[in-house]
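Observations on chain architecture
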Amino acid sequence: MRSRTRRSFLALTAAASAPVPAALPAHAAPAADHPSSAARALARLRAGNRRYAALRARHPRQDEERRRTVALSQRPFAVVLGCIDSRVPPELVFDVGLGDLLCVRTAGPSLDEAALGSLQFGVEELGVRLVVVLGHERCGAISATVELARTGTTVPGHLARVVDEIAPAVCSARAAGGDWVENAVRAHVARVGRTLAGDPAFSQAAVVGARFDLDTGRISFSPF
Ligand SMILES: [Zn+2]
């Protein structure tokens, strides 16, 4: 799978009109402080979020030297599937820098083939060993889907695809009692995480779920 995928990307590269440097590597050799395992990558994300939540963010690896280092190659240490919500930018809430995260952001977040392919690129082509599914408190996409389920109404256009993706978690959370939206957020992250964890394309990576608290800035993790 890896070599076939690489060939397909090389074919795309060759077909592009812009000249591509012959020596452009798929990814750089890891730096000395590069997290060498999923556990170390997760530890770095936890530490970064602790700084962010405590309003002590360092904004690391965002200087001119880092820009030069990642200009021709990248070696992110985690893949994040997160929501489009403007209040949950992964690089900020994990207090990381340029080239640290490969981020895929969709409403919910929701999974489609483009999102799956993008995530797979991070794991298979860039060698990332940690995938984080990042949901968040009071998610608008999930709140809207809950409201649709409550009222029996529908949404127009492309929004329906997002709702269809989130609806199974909303339905499963309905009977749980308590805060329907909060339960659906957790159920949706778990559902997406299980999907990824059971997909052979991600067998080389550890998949963890995460929930961002809008009030405190803290992120809690849960394995699958
Ligand atoms: Zn959201």
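Look above for the structure.
Residues numbered from 1 in each chain as written. Predicted model: local features only at pLDDT ≥ 70, side-chain atom pairs only at ≥ 80, totals over all residues.

1. What about the nonpolar core?
- Of all hydrophobic cores here, the largest spans 50 residues; its most connected members are Ala-78, Val-131 and Val-132.
- When residues of this core are assigned to their parent elements, the largest contribution, 7 residues, is made by helix 8 (residues 180–197).
- Excluding anything up to four places from it in sequence, Ala-78 contacts Ala-41, Leu-45, Leu-101, Val-128, Leu-130 and Val-132. (Core = buried A, V, L, I, M, F, W, Y, C linked by C-beta atoms within 7 Å. Buried ≥ 20, exposed ≤ 12 C-beta atoms within 10 Å, placed from the backbone. Helix = DSSP H or I, 4+ residues; strand = E, 2+ residues; numbered from the N terminus. Contact = placed C-beta atoms within 7 Å.)

2. Topic: the packing of helix 7 (residues 159–174) against helix 8
- Running from N to C, helix 7 and helix 8 cross one another at 125°; their axes reach a closest spacing of 8 Å. Relative to helix 8, the element helix 7 is oriented oblique. As helix 7 runs across helix 8, the sense of the crossing is right-handed. Between helix 7 and helix 8, the residues in contact are Ile-166, Pro-168, Ala-169, Val-170, Ser-172, Ala-173 and Arg-174 and Trp-180, Asn-183, Ala-184, Ala-187, His-188 and Arg-191, respectively. (Axes fitted to C-alpha atoms, helices over the stretch in contact; angles between N-to-C directions. Parallel < 35°, antiparallel > 145°, perpendicular 65-115°, else oblique. Left-handed = near helix turned anticlockwise from the far one by under 90°.)

3. Quick look at the packing of helix 6 (residues 140–151) against helix 8
- The geometry of helix 6 relative to helix 8 is characterised by a closest axis approach of 9 Å and an angle of 115° between their N-to-C directions. Two packed elements cross with a definite hand, and for helix 6 against helix 8 that hand is right-handed. The segment helix 6 lies against helix 8, with Ile-142, Ser-143 and Val-146 engaging Trp-180, Val-181, Ala-184, Val-185 and His-188.
- When its residues are assigned to classes, the contact of helix 6 with helix 8 shows 6 nonpolar, 2 polar and no charged. (Nonpolar A, V, L, I, M, F, W, Y, C, P; charged D, E, K, R; others polar.)

4. Details of the environment of Asp-112
- Of note, Asp-112 is situated in the loop between strand 2 (101–105) and helix 5 (113–125).
- Judged by the 13 C-beta atoms lying within 10 Å of it, Asp-112 falls in the partly exposed class.
- Residues Asp-112 and Glu-165, 53 residues apart in the sequence, show an inter-C-alpha distance of 8.3 Å.

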